[in-house]
Every structure is written in C-alpha cells, then in structure tokens.
Amino acid sequence: MRSTLGWQADRAGTTLRRTSLERRELRADDVAIRVDYCGVCHTDLHAVRAHTGEAPLVPGHEFTGVVTDIGHEVTRFAIGDQVAVGNIVDSCGACAMCRAGQENFCHEFPTLTYAGTDRYDGTTTLGAYSREYVVRDDFTYPLPPGLDPAAAAPLLCAGVTVWEPLQALGVGPGTRVAVAGLGGLGHLAVKLAVALGADTTVISRSADKADDARRLGGHDLIVSTDQRRMAAARDRFDVVVDTIAVPHDVTPYLGLVALDGTLSHLGHLGTVTVQATDLLIGRKKLSSAGSGGRPATAAMLEFCAQHNVTADIELLPSARVNEALDRLERNDVRYRFVLDMSDLPQNR
C-alpha cells in the first residue's frame, strides 16, 4: 500500500482531522496523482454532516494535480502531466449507458471518487482531500493548457453537471436561458450558457447579485420575489436551469418556460411535486441531470480552455477545510471554495 496524508471525517460528522491514509499500489491501468487543488462541493458538506463512522470518509471529488507514477499499461499519460479528475472513477464499461459514453448513468452505478466501492477489491474509496490519489487512467483527464488548475478544479463536478444538460438541450446562439440560483453550480451555468452564445438571465431571491450577474456575462437579473417581474417573464425562456440547492416549489420556474421548453432541475435531488397542467400548458418538459460521462467531461474541459471559463473561487490551505465547510453551510462563499493541498507533505 502507498501512504499519504489527508482529511478524514470524525465519527460525529462534525469535523475533519488530518490523518495518514493508504492508497492501493498501482494496477496496470492506474495513475498516481499528486493532488494540488480540490474543490469543496455541497455534496462534501452533506456527506460529512451525515457521517456515522460506519465506513471511513475522506471527501473531495473535483480536483487537479500532476501525475507522479503510472501503471505499466498506461500510454495516455506520462509523469509530470497536469490532469484533472471528477466524481466518477470507474464504471462497469459494458452496459448501454457506458457504451454510449454516459458512465454517470452506469446501470451498475458508477464508482464514486469517495464513499464508493472499488470494483476490484471492495474497499471504500477515499476522496481527494488528500495529497495523493490513485485512479484508472480512463477516468483521468488531461488539463488543457491555459486553464488555471485551482479555478479549474470545480469544473470537474459543478462544471460538467451544468454542461451536460446545456449540451443535451441544444443551448447555443439564439437560445434564451435562465439560471435560477447563483451559487457554485449557478455561476458556472451562467458562464457556460453565455460562452455558448445564449441570451442568459439570472434569477435570484434578491437584487444584491445584479452586479455579479452582469460580471459573469448575464444579460438580465430577475428577482424571484418580485411578482411583477416574474409575471412579465412568463413563457420567456427556452431553458431554465434550476440550481437551487434546497427544497423549493418549482412552479414559479415552470411558469418562465416557453412553449416546448425545458426546466432542468439540478440543484436539489429530493422529491419534486408538479401539477400536470403546469407541464401541459405550453408542452413544457421537466428534466434533470447529474455529473457527466467521459466524452462530455473531456469536451467541457476543452471548451472551457477555448473560452476562458473557470470557477470563481476562494482558495484556502487545506488546513482550513473545517472553516470552508462551516462557511459553505452558511452560504458564505462566492462561489466555490478550493483547497490548496500543498500544506500536506507529498510523501510519507
């Protein structure tokens, strides 16, 4: 086994503590990566707070770093390459979804970067709040030149999560897009929709994000509590991307969807209640998406490099990870925390 350092949840699910971690020895198709930067996702926060200690929990599933070692069958990467890894590190490779390049929908369920089950030895995967990660080369992506590795880390989860539905729904020049919620997901949805050429509007609970909306490239901001503005925007948007991370009524956002348009519900994965008539009137569609397959992830990274799209981040040393989680719980970040892992020794 390979030894490294990382941040593991305590049994109470309240804090992370620095500890020694073990990584597997490289298999033939593995790469070892020195983790340089890892984004802090709401999923990490939920996992830590819900942790009961039944299995080890090391969060982190959107990261960039440098290849330090390769298995003997690896040809796509060399030592020293800058790379990125997202929240999926394996899949069955044989089902219809995997064959279609949608490993995120693997019928056997994809192996997650942390709190997943390794398909070969049955161990629990430990995430990238650590100095080293070992992963199959097929689920490792070259980091395109020109992308800042710290600001690019959140692209591997938040970025691809909004990229896939934007692509699937054909967003481009002439498309009218609204993004509800301007957080970690939402601000990247705005940037990507704008870069794709869409006329993009932000929907927020308050007007204090108007300047941010414009800075990100948005063409308008609608305050969701302003009934007059919401009524005036009825049936206006071809695509509404709902990135709100808490339970909420989707009815007002369906009202903004145009004839044959789609509400893509991404932020909250709980139960959604919809009146059929809210879909019927206007032939509207309600959809969702999550993460991305390998082709989409690679394409998203290349697109972001071409259009200079990265996340707006606050970079913190990894020793401040508990502060990052506490502030994220209070929504005190614009718009994504990223941990600098260089305060952890590389070798043990």
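Residues numbered from 1 in each chain as written. Predicted model: local features only at pLDDT ≥ 70, side-chain atom pairs only at ≥ 80, totals over all residues. Heavy atoms only, no water.

As annotated in an unreviewed UniProt entry, the protein carries the name alcohol dehydrogenase (NADP(+)) and is attributed to Saccharopolyspora kobensis. Per UniProt, the protein has the following entry under Catalytic activity (unreviewed entry): "a primary alcohol + NADP(+) = an aldehyde + NADPH + H(+)". Here the protein is described in UniProt, under the heading Cofactor (unreviewed entry), as follows: "Zn(2+)". (UniProt positions renumbered as here; feature names shortened; annotations may be inferred.)

1. Structural notes on the domain arrangement of the protein
Taken as a whole, the protein is organised into domain 1 (2-157 + 298-340) and domain 2 (159-288). Look at where the C-alpha atoms of domain 1 and domain 2 centre, and you get two points 28 Å apart. In this assembly, 19 residues from domain 1 lie in contact with 19 residues from domain 2. Of the roughly 1600 Å² buried where domain 1 meets domain 2, counting both sides, 56% is carbon and sulfur surface. Here D312 makes a salt bridge to K191, at a shortest N to O gap of 2.6 Å. Connecting domain 1 to domain 2 are 14 residue pairs in polar contact (both at pLDDT 80 or more). Of the residues belonging to the side of domain 1 that touches domain 2, the class tally is 12 nonpolar, four polar and three charged. (Domains from an automatic or database assignment. Contact = heavy atoms within 4.5 Å. Buried area = accessible area lost by both parts, 1.4 Å probe. Salt bridge = Lys/Arg side-chain N within 4 Å of Asp/Glu carboxyl O. Polar contact = N/O pair within 3.5 Å; in protein donor to acceptor, adjacent residues only side chain to side chain. Nonpolar A, V, L, I, M, F, W, Y, C, P; charged D, E, K, R; others polar.)

2. Regarding the packing of helix α4 (residues 158-168) against helix α5 (residues 184-195)
Contact geometry for α4 and α5: axes closest at 9 Å, N-to-C directions at 50°. If you check the angle between α4 and α5, you find them oblique. Read as a crossing pair, α4 and α5 show a hand that is right-handed. Taken together, the residues of α5 that come into contact with α4 (itself represented by A158, G159, T161, V162, W163 and L166) are G184, L185, L188, A189, L192 and A193. When its residues are assigned to classes, the contact of α4 with α5 shows nine nonpolar, three polar and no charged. (Axes fitted to C-alpha atoms, helices over the stretch in contact; angles between N-to-C directions. Helix = DSSP H or I, 4+ residues; strand = E, 2+ residues; numbered from the N terminus. Parallel < 35°, antiparallel > 145°, perpendicular 65-115°, else oblique. Left-handed = near helix turned anticlockwise from the far one by under 90°.)

3. Describing the environment of L16
The residue L16 is located in strand β2 (residues 16-23) in this model. L16 sits in the buried class, given a relative accessible area of 4%. Between the alpha carbons of L16 and N322 there is a distance of 6.4 Å; along the sequence they are 306 residues apart. In this view, L16 contacts W7, Q8, A9, V48, P59, Y129, V321, N322 and L325; residues no more than four positions away in its chain are not counted. (Buried < 20%, exposed > 50% of the residue type's maximum accessible area, 1.4 Å probe, protein only.)

4. Topic: the pairing of β2
Where strand β1 (residues 2-9) meets β2, eight bridges bridge the pair, whose relative direction is antiparallel. When the sheet's bridge partners are listed, R2 is paired in β2 with R23. Between β1 and β2, which pair antiparallel one after the other, the connecting turn spans six residues, and G13 there sits at a positive phi close to 70°. (Pairing = 2+ DSSP bridges.)

5. So, the UniProt feature "domain: Enoyl reductase (ER)" (unreviewed entry) in the protein
Mapped onto this structure's residue numbering, the UniProt feature "domain: Enoyl reductase (ER)" (unreviewed entry) falls at residues 13-339. Regarding residues 13-339, the helix share stands at 25% and the strand share at 26%, and the terminal C-alpha atoms are separated by 19 Å.

6. Some thoughts on unusual backbone geometry
With an omega of 5°, the peptide bond between R334 and Y335 qualifies as cis. Mapping Y335 onto the fold places it in the loop between α11 (321-329) and β17 (336-340). The residue D235 is not glycine, and still its phi comes out positive at about 60°. Tracing the chain through its elements places D235 in the loop between α7 (227-232) and β13 (237-242). For D235, a relative accessible area of 35% translates into the label partly exposed. At R283, a residue that is not glycine, the phi angle is positive and equals roughly 50°. Relative to the elements of secondary structure, R283 occurs in the loop between α9 (276-280) and β15 (285-287). According to the relative accessible area criterion, R283 is exposed, its value standing at 51%.

7. So, the state of the cysteines
Counting across every chain of the model gives zero disulfides. Of the cysteine sulfurs around C95, a residue in no disulfide, the closest is that of C98, at 3.7 Å. A residue is classified by how much of its surface remains accessible, and C95, at 11% relative accessible area, is buried. Free of any disulfide, C157 has its nearest cysteine sulfur in C41, 4.1 Å distant. Residue C157 is classed as buried on the basis of its relative accessible area of 8%. (Disulfide = S-S within 2.5 Å.)

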